[in-house]
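# Results of the structural survey
These are the residues of each chain, in order.
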Amino acid sequence: MIRFMLVLTALLALTSLAALIANLPGTVSIAVPGHIIDMPLTVLLGSVLALILAALAIWVSAHWLWHLPLQLRRARLARNRKEGEAALAGGLMALARGDAQAADAATKLARRKMPHQPLPLLMAAQAALLDGRRDDAAANYNAMLGDRQPPQQISLGLEGLYHLARAENDADAAGTYALQVLEVDAKSSWALEGLMTLAVQIGDWPAAEKWLRRWSRSGVGRAAVKKRRAILALAEAQSLLGENDPAAQMAAVKKAEHAAALDPKLIPATALAAQLLARAGDMRQARKVLKQAWQKAPHAVLAQAWLDCYSDQPAAGRMRAVGRFIGKHRADEEAVILRERIARAARRFRQAANLLSPLAEGPCQSRRLCLLMAEIELGLEHETQAQ
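Residues numbered from 1 in each chain as written. Predicted model: local features only at pLDDT ≥ 70, side-chain atom pairs only at ≥ 80, totals over all residues. Heavy atoms only, no water.

Turning our eyes to something else, we now look at the packing of helix 12 (residues 267-279) against helix 14 (residues 300-309). Running from N to C, helix 12 and helix 14 point in directions that differ by 5 degrees, and their axes come no closer than 9 Å. Viewed along their axes, helix 12 and helix 14 adopt a mutual orientation that is roughly parallel. Within the contact between the two elements, helix 12 uses I267, P268, T270, A271, A274 and A278 and helix 14 uses V301, L302, A305 and C309. (Axes fitted to C-alpha atoms, helices over the stretch in contact; angles between N-to-C directions. Helix = DSSP H or I, 4+ residues; strand = E, 2+ residues; numbered from the N terminus. Parallel < 35°, antiparallel > 145°, perpendicular 65-115°, else oblique. Contact = heavy atoms within 4.5 Å.)

Evaluation of the coordinates by the stated rule reveals 3 aromatic pairs. Look at Y162 and W190: their rings are 5.2 Å apart centre to centre, the planes differ by 55 degrees, and that puts the pair in the tilted class. You can see Y162 sitting in helix 6 (residues 151-167) and its partner W190 sitting in helix 8 (residues 189-201), a full 28 residues away along the chain. The residues Y162 and W190 share a single accessibility class, namely buried. Geometrically, the ring pair formed by W294 and F325 is tilted, given 4.9 Å between the ring centres and 40 degrees between the ring planes. Placement of the pair is W294 in helix 13 (residues 283-296) and F325 in helix 15 (residues 315-326), with a sequence separation of 31 residues. (Phe/Tyr/Trp six-rings, centres within 6.5 Å; stacked < 30°, edge-to-face > 60°. Buried < 20%, exposed > 50% of the residue type's maximum accessible area, 1.4 Å probe, protein only.)

Right, let's get into the packing of helix 6 against helix 8. Helices that pack against each other are described as a pair by the angle of their axes relative to one another and the distance between those axes. Where helix 6 meets helix 8, the axes come as close as 11 Å, and the angle between the chain directions of the two elements is 20 degrees. One way to sum up the angle between helix 6 and helix 8 is to call them roughly parallel. Note on packing geometry: the crossing formed by helix 6 with helix 8 is left-handed. Along its contact with helix 6, which presents S155, L158, E159, Y162 and R166, the element helix 8 presents W190, G194, T197, L198 and Q201. Taken together, the residues of the contact of helix 6 with helix 8 sort by class into 4 nonpolar, 4 polar and 2 charged. (Left-handed = near helix turned anticlockwise from the far one by under 90°. Nonpolar A, V, L, I, M, F, W, Y, C, P; charged D, E, K, R; others polar.)

Let us look at the environment of A139. The residue A139 is located in helix 5 (residues 134-143) in this model. The class for A139 is partly exposed, based on a relative accessible area of 45%. Along the primary structure A139 and A128 are separated by 11 residues, whereas in three dimensions their C-alpha atoms are 9.9 Å apart.

Below, the structure is given as structure tokens:
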């Protein structure tokens, strides 16, 4: 609409100018050697205007012809990009339905249409992996590397090689690829996380802590960093379980308690802390830790840890103690199963069946619950019902 108004305004201006020139009176004489040219003023002005318009037309035509190859190239690139994106879409659908041959054909077409884009190479690598051709996948990832390639593409290629190395349990190669990514992008989140994981696998806790600090500065949220720090502390505590050194056991307790403090939802950390306290002979503190965690959220891991802490108690004593332990969560499924396990361990199968009966009457029975009921039936010598 705006362009139409501008064209209309220009036409009106030209029409008004032509009318003005046509109504101008007078003549113009031009003296050249040997000649005197007389002409009306309107003819002179009209000729000048015609020359200007002709010059503009020639300039516009020359400009169009000069840029015509570029326009044709842009049109060809846009057409190739459109066809390449359509091929990529078809390749994605083929990958989704598990058709490796169709995905491979689509990615080859996409690579012809978009030779300098990383996505067709990624698609080709995924199609090769789907077809079991790991060497071809690695070749496609390596094709994304090079000094002249953009850093983002190099990072994608190295990430693919990293995951291939991890799948083959080649920790050295995976670490090398992750370190190469950091040379391109020092804040690559996945590379820092991968190096942290590799350090945990080999038990290099100082290195794991170093990569965790760098990972925390890569743009991840504080909550994620806190959870990862808790998992790291728990892993280090678990690594100390096999040592008989009292100092190592105490360090494991502190690590487990630190993990539980960082992430209260990390139930294995609380259970491990209680297990280590019980092993050190501090049963009172172990039971206290378990009870505090249970009151926040009952969990099967906490129930198992509680049974371990009371393994030296008779069944009657454990039945009395469990009532104090479960507290307000008496109707919770985990509390019911905990009491059932105590009764079944004491060979009170009828009592165990009565405890589980409210859960068994529900519309949705889990595999775990069915197995517990089967064990009770076996204890009652009801083999048919157990099956």
